[in-house]
Structure formats: structure tokens, C-alpha cells
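Residue-level structure breakdown
Chain residues, written in single-letter form:
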Amino acid sequence: MQYLNSKPLIFGFGGGVIFDHPSGLARDLAAGRLDVALVPTFEALRSPQYTLVDGVGIASDGPVYSVFLAHRRPLAELRTVALDPASLTSVHLLQVLLREYHGLEPALRDLSAFPAEADAALIIGNQAIDFRQNDTEGYHILDLGEEWKRCTSLPFVFAPWLLRGGLPNATEVANELRALKRQGLAHLDEIIHAEARDPAFTRRYLTQHIRFELGDREKAGIEKFRELLVKHGFIGEAGAPLRYA
């Protein structure tokens with residue numbers, strides 16, 4: 001994943017790393033071109049053949065800052081929403097929140113339709129950070145991490161590490177990814193000062209907005225998301241419990 005929030009999870013890794021949008025990594029994992037990928041949670045829920053790495057993820061427990069709906073009209077008046085297709089998790093999280101907790105089901109458009117042909121836009125990742133730091137005048141911001149926490153009292157996991165089904169050394173790989181996270185967090189100062197962004201903002205973002213844990217509360221958030229995805233017809237009925245290594 002090429003976003004700022006993934007850097008503490010891959011810092012210092014000596015092997016090859018493929019950087020792509022989350023949806024591209026999910027596609028390559030599904031096609032068998034990758035053994036391991038940091039991909040949107042939606043991929044794990046619609047394709048439960050994967051194993052999730054326990055203890056590591058990209059999550060929030062309140063405002064996430066970099067995943068939001070920007071809108072000018074009051075939320076209740078939204079008719080069309082433009083979507084950034086880079087993460088199917090964020091796309092479906094927005095739809096679940098609007099349907100379940102606001103009774104809204106706006107028409108969906110490509111991101112290029114905003115602002116001329118859409119009332120609002122879902123913006124994620126580095127582009128979302130740039131938008132908020134440069135051009136929020138006149139916009140209301142619905143932070144999806146904050147709204148999820150308000151509505152469910154749970155954290156939201158945007159991306160876990162997924163291991164392809166049948167990976168023979170899954171436990172060993174999972175242990176290495178947990179160790180890589182510990183190493184990244186131990187070198188957070190180095191990561192922060194290597195960024196072109198304001199160090200104070202980068203530190204706040206990586207320590208207050210983003211969480212890198214995947215524990216019991218985060219797993220409960222994943223299960224709540226799965227429940228609502230099933231309820232609103234985005235995935236089929238939940239089958240076997242998710243597998244963690």
C-alpha cells in the first residue's frame with residue numbers, strides 16, 4: 001500500500017515491496033500474484049479464504065482524518081456522491097453508514113464528477129490529507145472513522161495483512177509481520193522526519209488518528225462491519241469465522 005499510514009508496517013523490510021492502491025493489491029492477491037498483501041478489510045469479508053494476521057492492521061478508534069466525505073449541502077440533502085474507487089472498504093463503509101444510521105442511499109458517481117455533478121465526494125489516503133490541508137473552505141467533513149465510532153462505539157479496521165489461502169508457512173510469515181510492525185513503531189521518529197509533510201502533523205496522524213493494533217475490539221469492529229454488509233446486501237451471509245494467524 002502506498003499511503004503514509006502503511007509506512008510503519010513496512011519500515012526496514014529487506015525484501016521486495018509492491019506499492020499500489022489498496023484495490024490493486026486486493027486484485028493481485030485474489031489472482032494469486034501475491035502471497036501477502038495489506039489490503040482493505042472488505043476483501044477479507046467478501047473472500048473468506050484468506051487468513052488475517054493477528055495483532056496488526058491499519059485502524060482508527062475515532063477520527064481517522066484521511067477517510068472522509070466532503071459535502072457542501074447538509075447530509076440529509078445529499079442526492080449524489082462521487083467515490084474514490086481506490087479502497088472498496090471505504091466505499092462500502094460510507095454506504096453502510098449512510099444507509100444504516102442516516103437513512104440515505106444517494107446515487108453513486110465516479111470521483112471525476114465532483115464537484116460539478118455530485119453533491120459530495122469520498123476522498124481517502126494521501127489525497128484526503130492534501131484536501132484537508134489545502135481546500136476545505138465551504139465543505140462539511142464527515143470523518144468516517146469518527147462517524148463509525150459514534151454509531152457503533154467500536155474501532156474500525158481499514159486494512160489488515162491478508163495471507164493467501166494455503167500459504168504453507170502462514171504462522172512464520174505472520175510472526176515476521178508482527179515483528180516488522182514493532183520495528184516500525186520503534187523507528188517512528190525516523191519515519192516522521194523522512195516525510196515531506198510537516199513533522200508535527202505526521203506525528204499526530206500516525207500516533208493519534210491511526211492505530212496499528214488488531215485486537216479484540218478491532219475484531220469486534222470487523223464483525224460489526226460484516227454484519228452490516230450482509231444486512232445491506234453487499235456480501236453474502238457470513239459463513240465460518242475469520243481465520244487469524
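That block above? That's the structure.
All values derive from a computational prediction rather than experimental measurement.

1. As for helix 7 (residues 170–186)
Taking 1.5 Å of rise per residue, 17 residues should cover 24 Å, and helix 7 covers 24 Å from first to last C-alpha, within 8% of that figure. Every buried residue belonging to helix 7 is among Ala170, Val173, Ala174, Leu177, Arg178, Leu180, Lys181 and Gly184, and all of these are buried. The buried residues of helix 7 occupy an angular sector of 155 degrees when the element is viewed end-on, so they sit on one face. Opposite the buried face of helix 7, at more than 90 degrees from it, the exposed residues are Thr171, Arg182 and Ala186. Buried residues belonging to helix 7 abut helix 1 (7–10), strand 1 (36–38), strand 2 (51–60), strand 8 (156–163) and helix 8 (188–194).

2. Looking at the pairing of strand 8
Most of strand 8 is tucked away: eight of the eight residues are buried. Of the pairings in the sheet, the one linking strand 1 to strand 8 comprises three bridges and is antiparallel in character. The residue bridging Ala37 from the neighbouring strand is Leu162, located in strand 8.

3. Thoughts on the sheet that holds strand 5 (residues 107–110)
To summarise the sheet geometry, strands pair through backbone hydrogen bonds and adopt either a parallel or an antiparallel arrangement. Judged by pairing direction, the sheet is mixed, and its five strands sit side by side in the order 5-4-6-3-7 without closing on themselves. The open sheet is flanked by strand 5 and strand 7 (140–143), the only strands paired with a single partner. Taken pair by pair, the neighbouring strands of this sheet meet at an average axis angle of 30 degrees, ignoring direction. Pairing between strand 3 (residues 67–71) and strand 7: four bridges, direction antiparallel. Bridging from a neighbouring strand, Phe68 pairs with Asp143 of strand 7. Together, strand 3, strand 6 (120–124) and strand 7 form the strand contacts of helix 5 (residues 125–134), whose direction differs from that of strand 6 by roughly 120 degrees. Of the strands in this sheet, strand 3, strand 6 and strand 7 touch helix 6 (residues 144–152), which is tilted by about 60 degrees from strand 7.

The rules behind these values
Residues numbered from 1 in each chain as written. Predicted model: local features only at pLDDT ≥ 70, side-chain atom pairs only at ≥ 80, totals over all residues. Heavy atoms only, no water. Helix = DSSP H or I, 4+ residues; strand = E, 2+ residues; numbered from the N terminus. Expected span 1.5 Å × (residues − 1). Buried < 20%, exposed > 50% of the residue type's maximum accessible area, 1.4 Å probe, protein only. Arc of directions from axis to C-beta. Contact = heavy atoms within 4.5 Å. Pairing = 2+ DSSP bridges. Axes fitted to C-alpha atoms, helices over the stretch in contact; angles between N-to-C directions.

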